[in-house]
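Next come the chains, spelled out residue by residue.
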Number of protein chains: 2
Amino acid sequence: MANPGNVDIVIPTIRSLDFLEDWREFFQPYHLIIVQDGDPKNIIKVPEGFDYDLYNRDDVDKLLGSKSACISFKDGACRCFGFLVSKRKYIYTVDDDCFVATKPTGERINVVTQHIQNLQTPSTPYFFNTLYDPYTEGSDFVRGYPFSLRSGVPTAISHGLWLNIPDYDAPTQLVKPLERNTRYVDAVMTIPKGSLFPMCGMNLAFDRELIGPAMYFGLFGEGHPIGRYDDMWAGWCTKVVCDHLGFGVKTGLPYLYHEKASDPFSNLKKEYKGLFWQEELIPFFQSLVLPKNLTTARDCYLEIARLTKEKLAHIDPWFQALTDAMFIWISAWDHFNPPSSNP
Amino acid sequence: MANPGNVDIVIPTIRSLDFLEDWREFFQPYHLIIVQDGDPKNIIKVPEGFDYDLYNRDDVDKLLGSKSACISFKDGACRCFGFLVSKRKYIYTVDDDCFVATKPTGERINVVTQHIQNLQTPSTPYFFNTLYDPYTEGSDFVRGYPFSLRSGVPTAISHGLWLNIPDYDAPTQLVKPLERNTRYVDAVMTIPKGSLFPMCGMNLAFDRELIGPAMYFGLFGEGHPIGRYDDMWAGWCTKVVCDHLGFGVKTGLPYLYHEKASDPFSNLKKEYKGLFWQEELIPFFQSLVLPKNLTTARDCYLEIARLTKEKLAHIDPWFQALTDAMFIWISAWDHFNPPSSNP
């Protein structure tokens, strides 16, 4: 088991957390940070026996003051408040419509243990290993893998997957309402340097010390023209920062069981602009080059904010608001994570 | 089943092909090209009922004349003679110590069908799809995958994997003599653009029309200071060419069962120089840029030959011989595959 003193589990929610009963054996050893979205007057019930802090919107406003403008409202993006106030090295974040998945053998999957193992073993972004994660028991580097690259690089992000309801966009949900993911792919792999990926926040872990300041989920949901791109935005930013700083990003195991597909019509409304914008945003991130003298995720992120303003503001006025929020986020990060505590 | 008129199965061997009995149900519909290595006087027995052409060294010399210098002797590299004389669109090549693997369900795996499916569906080298091959039944592109990239690009190479004996180098074989690969990873994926991989020739398929001229297995074995890097060399060259021309390379399914580990001491002798050289060769290929006006695998390959001579000849005189052989290979390719028949 991962050391509970090193891990916070962050859960954004608008409702009582009955789903934790299913996770009890795996989550109970850890501290939970619950970020309550929506009306702060609603009472969120948490099953007995869990160690948690719960922050509603009033708490966010109180703790951040004017800086609370960078935390989204009525969108999963609010989860990044939990990343900000955590004091632990590793974050695991999970959605409240997800449950424990089982391996083909029937064994219930401990997501936290697998994520922490992914984060505590190196990544191999500079050369592809055809037998997948060479640090997994029973595997290794194959013939032809350069020995100079076998020590790998530190892993900053572990992106887990989903059985049952796949993470599809609204158009795909509409076209394939009955498609379910039943394929258990028994692999963890490093996403190569220079390759972007669609990072989903549903089942995600990362090392706060390495990449925390860049793990900002942006301005989405109420008051904004777009939703459901919070994790994508964070994924593009963090991958570019990891590639620049020499950190690894893994995807694959662990799986969880995603029970409830969100409504495709409501999703389409939220995603609509993103479906157009991503065609411009992804080339922006693919060609983004960070100056060599930037050596921390924080400084890299400020540069991405600057470039977002310079290169993307023509797309929509919202990008100006996003840029402002990115700067505010870093100033909030500095406040909660003063340099001495955050290498 | 793939159209047998489109596929040649190429098998390099020094011995009678009893192993074909295990493959009969899957290979019998196809034409086999058997490349006999070693003493041409040895009689290679082929089980009844298979449609094949067998070429021994005398045949190679007769057909290629002075150009036969580009075909290696006493090394698996000789298999590329079969690629040269094939008239079919797809090549599947397999080693004679490999047998039919089974899925976890017990089903025997038809390697040819899976490889041809991999080659006949597009690849996605420009953005990583976290649910692996989006063209597989029951899968698709995940949320955040740009729609403009969903038609993919043509697939040129399908790299299959191995259960039981993994494809390790001699040092790893020595350190882990008992390690066996038992992990069946149920996935096919595109290796992203810009990322090199160690291509193994044991279970490999490709589209001759797209990438054939670059699928040269080099000068290895008898008379040369290095062996067991034939497929690696071809893998580096073809991946760079695929990236340049906008073709895809897939790895993953299908598995076969690799029965016999080759002798690690003999392997170490063959690989020895390669373990050093690859540290210089891989950065060479990683930074190799092909001019935009080169639009065929053939022309790209000639440029790689030119650059090999210019940039690698200082490593060892052997690289001069290799470069000469690369030019001879293309001239032989042109002879057997005149431009009109080879777009």
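An account of the accompanying structure is given in this report.

Calculation notes
- Residues numbered from 1 in each chain as written.
- Chains lettered and ligands numbered in written order.
- Predicted model: local features only at pLDDT ≥ 70, side-chain atom pairs only at ≥ 80, totals over all residues.
- Heavy atoms only, no water.
- Helix = DSSP H or I, 4+ residues; strand = E, 2+ residues; numbered from the N terminus.
- Rg over C-alpha atoms; globule rule 2.2 N^0.38 Å.
- Buried < 20%, exposed > 50% of the residue type's maximum accessible area, 1.4 Å probe, protein only.
- Contact = heavy atoms within 4.5 Å.
- Areas by Shrake-Rupley, 256 points an atom, 1.4 Å probe, with all protein chains shown as cover.
- Lys, Arg positive; Asp, Glu negative; His and termini not counted.
- Charge placed at Lys NZ, Arg CZ, Asp CG, Glu CD.
- Core = buried A, V, L, I, M, F, W, Y, C linked by side-chain atoms within 4.5 Å.
- Polar contact = N/O pair within 3.5 Å; in protein donor to acceptor, adjacent residues only side chain to side chain.
- Salt bridge = Lys/Arg side-chain N within 4 Å of Asp/Glu carboxyl O.
- Axes fitted to C-alpha atoms, helices over the stretch in contact; angles between N-to-C directions.
- Parallel < 35°, antiparallel > 145°, perpendicular 65-115°, else oblique.
- Left-handed = near helix turned anticlockwise from the far one by under 90°.
- Nonpolar A, V, L, I, M, F, W, Y, C, P; charged D, E, K, R; others polar.
- Pairing = 2+ DSSP bridges.
- Right-handed = clockwise from strand over helix to strand, strands pointing away.
- Buried area = accessible area lost by both parts, 1.4 Å probe.

### A look at the overall build of chain A
Part 1 of the argument: The secondary structure content of chain A amounts to 10 helices and 9 strands.
Part 2 of the argument: On C-alpha atoms alone, chain A measures out to a radius of gyration of 19 Å, which is about the 20 Å that the 2.2 N^0.38 rule sets for 343 residues.
Part 3 of the argument: Its C-alpha atoms give chain A principal-axis dimensions of roughly 55 × 50 × 50 Å.
Part 4 of the argument: Looking at chain A as a whole, 62% of its 343 residues qualify as buried.
Part 5 of the argument: The contacts in chain A between residues at least 6 apart in sequence include a share of 74% that link residues at least 24 apart.
Part 6 of the argument: In the structure as shown, chain A presents an accessible area of about 12700 Å², 53% of it carried by carbon and sulfur atoms.
Part 7 of the argument: Each charge sign in chain A was given a centre, from 33 positive and 42 negative side chains, and these centres are 3 Å apart.

### Describing the nonpolar core
Part 1 of the argument: Counting residues in each nonpolar core, the largest one holds 241 residues, and the members touching the most others are Phe-27 and Trp-233 of chain A together with Phe-27 and Trp-233 of chain B.
Part 2 of the argument: In contact with Trp-233 of chain B, other than residues within four places in its own chain, are Tyr-216, Phe-220, Leu-281, Phe-285, Tyr-301, Thr-308, Leu-312, Leu-322 and Met-326 of chain B.

### Details of the environment of Pro-154 of chain B
Residue and element names in this part refer to chain B.
Part 1 of the argument: Mapped onto the secondary structure, Pro-154 falls in the loop between helix 4 (111-120) and strand 6 (155-164).
Part 2 of the argument: Given the relative accessible area of 45%, Pro-154 is considered partly exposed.
Part 3 of the argument: Along the chain, Pro-154 and Asp-263 lie 109 residues apart, while their C-alpha atoms are 38 Å from each other.

### A few points about the side chain of Ser-158 of chain A
Residues and elements named next belong to chain A.
Part 1 of the argument: Along the chain, Ser-158 turns up in strand 6 (residues 155-164).
Part 2 of the argument: On the accessibility criterion, Ser-158 (0% relative accessible area) is buried.
Part 3 of the argument: Side chain to side chain, Ser-158 and His-115 meet in a polar contact 2.7 Å long.
Part 4 of the argument: A polar contact is formed between the side chain of Ser-158 and the side chain of Asn-118, at a distance of 2.9 Å.
Part 5 of the argument: If we skip the residues at most four places from it in the chain, Ser-158 touches His-115, Asn-118, Leu-119, Asn-203, Leu-204, Ala-205 and Lys-250.

### As for the pattern of salt bridges
Note that side chains of opposite charge can pair when their charged atoms are close.
Part 1 of the argument: Within the structure shown, the criterion is met by 48 salt bridges over all chains.
Part 2 of the argument: Between Arg-306 of chain A and Glu-303 of chain A there is a salt bridge, and its shortest N-O distance comes to 2.9 Å. With a gap of 3 residues between them, Arg-306 of chain A and Glu-303 of chain A both fall in helix 9 (residues 297-312), about one helical turn apart.
Part 3 of the argument: Across the salt bridge formed by Arg-298 of chain B and Asp-334 of chain B, the nearest N and O atoms sit 2.8 Å from each other. Within this pair, whereas Arg-298 of chain B is found in helix 9 (residues 297-312), its partner Asp-334 of chain B is found in helix 10 (residues 318-336), the two being separated by 36 residues in sequence.
Part 4 of the argument: Judged by its relative accessible area of 24%, Asp-334 of chain B falls in the partly exposed class.
Part 5 of the argument: Linked through salt bridges whose partners overlap, the residues forming this network are Glu-303, Arg-306, Glu-310 and Lys-311 of chain A.

### Here we look at the packing of helix 8 (residues 264-287) of chain B against helix 9 of chain B
Residues and elements named next belong to chain B.
Part 1 of the argument: Across the interface, helix 8 lies against helix 9 with an axial gap of 12 Å and an inter-helix angle of 130 degrees. With respect to each other, helix 8 and helix 9 are oriented oblique. With respect to the hand of their crossing, helix 8 and helix 9 are arranged in right-handed fashion. For the pair helix 8 and helix 9, contact is made by Leu-281, Phe-284 and Phe-285 and by Ile-304, Leu-307, Thr-308, Lys-311 and Leu-312, respectively.
Part 2 of the argument: For the contact of helix 8 with helix 9, the per-class residue count stands at 6 nonpolar, 1 polar and 1 charged.

### Focus: the pairing of strand 1 (residues 7-13) of chain B
Residue and element names in this part refer to chain B.
Part 1 of the argument: Burial runs high along strand 1: 7 of the 7 residues are buried.
Part 2 of the argument: Neither face of strand 1 is exposed, since Val-7, Ile-9, Ile-11 and Thr-13 on one face and Asp-8, Val-10 and Pro-12 on the opposite face are all buried.
Part 3 of the argument: Where strand 1 lies against strand 2 (residues 31-36), 6 bridges are found, and the strand directions are parallel. Residue pairing in the sheet places Asp-8 in a bridge with His-31 of strand 2.
Part 4 of the argument: As a crossover connection, the stretch from strand 1 through helix 1 (residues 20-27) into strand 2 is right-handed.

### Some words on the interface of chain A and chain B
Part 1 of the argument: Facing the 60 residues of chain A at the interface are 60 residues of chain B.
Part 2 of the argument: The junction of chain A with chain B conceals about 5000 Å² of combined surface from both sides, 56% of it contributed by carbon and sulfur atoms.
Part 3 of the argument: Ranking the residues of chain A by area buried against chain B places Phe-128, Arg-143 and Arg-183 of chain A at the top, with a combined share of 17%.
Part 4 of the argument: On the surface where chain A and chain B come into contact, there are 10 salt bridges.
Part 5 of the argument: The salt bridge partner of Arg-143 of chain A is Asp-167 of chain B, with a shortest N-O separation of 2.9 Å.
Part 6 of the argument: The interface formed by chain A and chain B includes 24 residue pairs in polar contact (both at pLDDT 80 or more).

### Topic: the pairing of strand 9 (residues 248-258) of chain A
Residue and element names in this part refer to chain A.
Part 1 of the argument: Here strand 9 lies mainly inside the structure; 10 of its 11 residues are buried.
Part 2 of the argument: Summarising the sheet, strand 5 (residues 98-99) and strand 9 pair through 2 bridges and their orientation is antiparallel. If you follow Cys-98 over to strand 9, its bridge partner there is His-258.
Part 3 of the argument: Looking at chain direction, strand 6 and strand 9 are connected through 9 bridges and run parallel. Note that in strand 9 the partner of Thr-155 across the bridge is Gly-248.
Part 4 of the argument: Where strand 7 (residues 188-190) lies against strand 9, 3 bridges are found, and the strand directions are antiparallel. Residue Met-189 lies in a different strand from strand 9, and its bridge partner there is Thr-251.

These values are about where atoms sit, not about what they do.
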